[in-house]
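Residues per chain, in single letters:
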Amino acid sequence: MKAVAIILAAGKARRMSHPKALIEHEGGKSFLQSLASTFGKAGCGVLGVVGSDEALVRDQHPSLELVTSPNWERSLLSSVKAGLEAAMAEDADVMLLHPVDMPALRVTTVKSMLKDMERGGTEGELSLRPEYDNATGWPVVLSRGAARKVLDAEGDDLEAVLRAINPRRLNVKDPGVIVNINTPEIYGRVFSMEPKLAPPPKRRMKRAGASNGAGAESAPASYAASSEE
């Protein structure tokens, strides 16, 4: 089963002082680097979807595969579709959608969700979404059939599309699935400092088989999640 994680990083950070993909998470890694590591350690391929501040995000993440959302200003669903099209072109059997401002996700959670999907088979229109403390979280996992339904959906409301495909819920013990660090106030409560940019990457050739950085599995305190990039 080929799984590809689609990290949604195209939106404009209207409430943050920096693009959220570039903000430091832990150990000098950006939100985007940290999530790429998490998904990579869980056995996923990784695609980042970029739009606003695209040049800056690409410059900061030279080793990551990034695709452009041409209609990122229109809606989050437009960016989701750009990522799904790229992942399906890479023959992904399963696709995982995840916002870049939720970097506390644990590797073990991703592995559990993939294992659960694999048990059910990847044929048909299957989808899965984590739940923590009765709150619905991310990532959303889609089979190819479910991904096609999202691609064919009309309108701009991603949550309405997800309600229509009605993902099965999986209870997890990971508050990271609902930790949404999308304001300076939340960042300050989590890290006891103002949001800051991750340091520039070291320019070196990517080794064959090397991972896309390293990320922690721990999750800070839980906050209400949103689908905003």
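### Looking at helix α6 (residues 158-165)
Next, step 1: Listed in full, the buried residues belonging to α6 are L158, V161, L162 and I165. Viewed end-on, α6 has its buried residues packed into an arc of 100°, placing them on one side of the element. Exposed side of α6, more than 90 degrees from the buried face: R163 and A164 are the residues found there.
Next, step 2: Buried residues in α6 make contact with α3 (76-89), β5 (127-132), β7 (140-143) and α5 (144-152).
Next, step 3: For α6, the N-terminal cap is D157; the gap from its side-chain oxygen to the backbone nitrogen of E159 is 3.1 Å.
Next, step 4: One or two residues past the end of α6 sits N166, with phi positive at roughly 50°.

### Focus on the packing of aromatic side chains
Next, step 1: Under the criterion given, the structure shown has two aromatic pairs.
Next, step 2: Residues Y187 and F191 carry aromatic rings whose centres are separated by 4.6 Å and whose planes lie at 45° to one another, so their mutual orientation is tilted. Within this pair, Y187 and its partner F191 are both found in helix α7 (residues 184-191), separated by four residues, close to a single helical turn. Across the pair, F191 and Y187 agree in class, each one buried.

Rules used throughout
Residues numbered from 1 in each chain as written. Predicted model: local features only at pLDDT ≥ 70, side-chain atom pairs only at ≥ 80, totals over all residues. Heavy atoms only, no water. Buried < 20%, exposed > 50% of the residue type's maximum accessible area, 1.4 Å probe, protein only. Helix = DSSP H or I, 4+ residues; strand = E, 2+ residues; numbered from the N terminus. Arc of directions from axis to C-beta. Contact = heavy atoms within 4.5 Å. Polar contact = N/O pair within 3.5 Å; in protein donor to acceptor, adjacent residues only side chain to side chain. Phe/Tyr/Trp six-rings, centres within 6.5 Å; stacked < 30°, edge-to-face > 60°.

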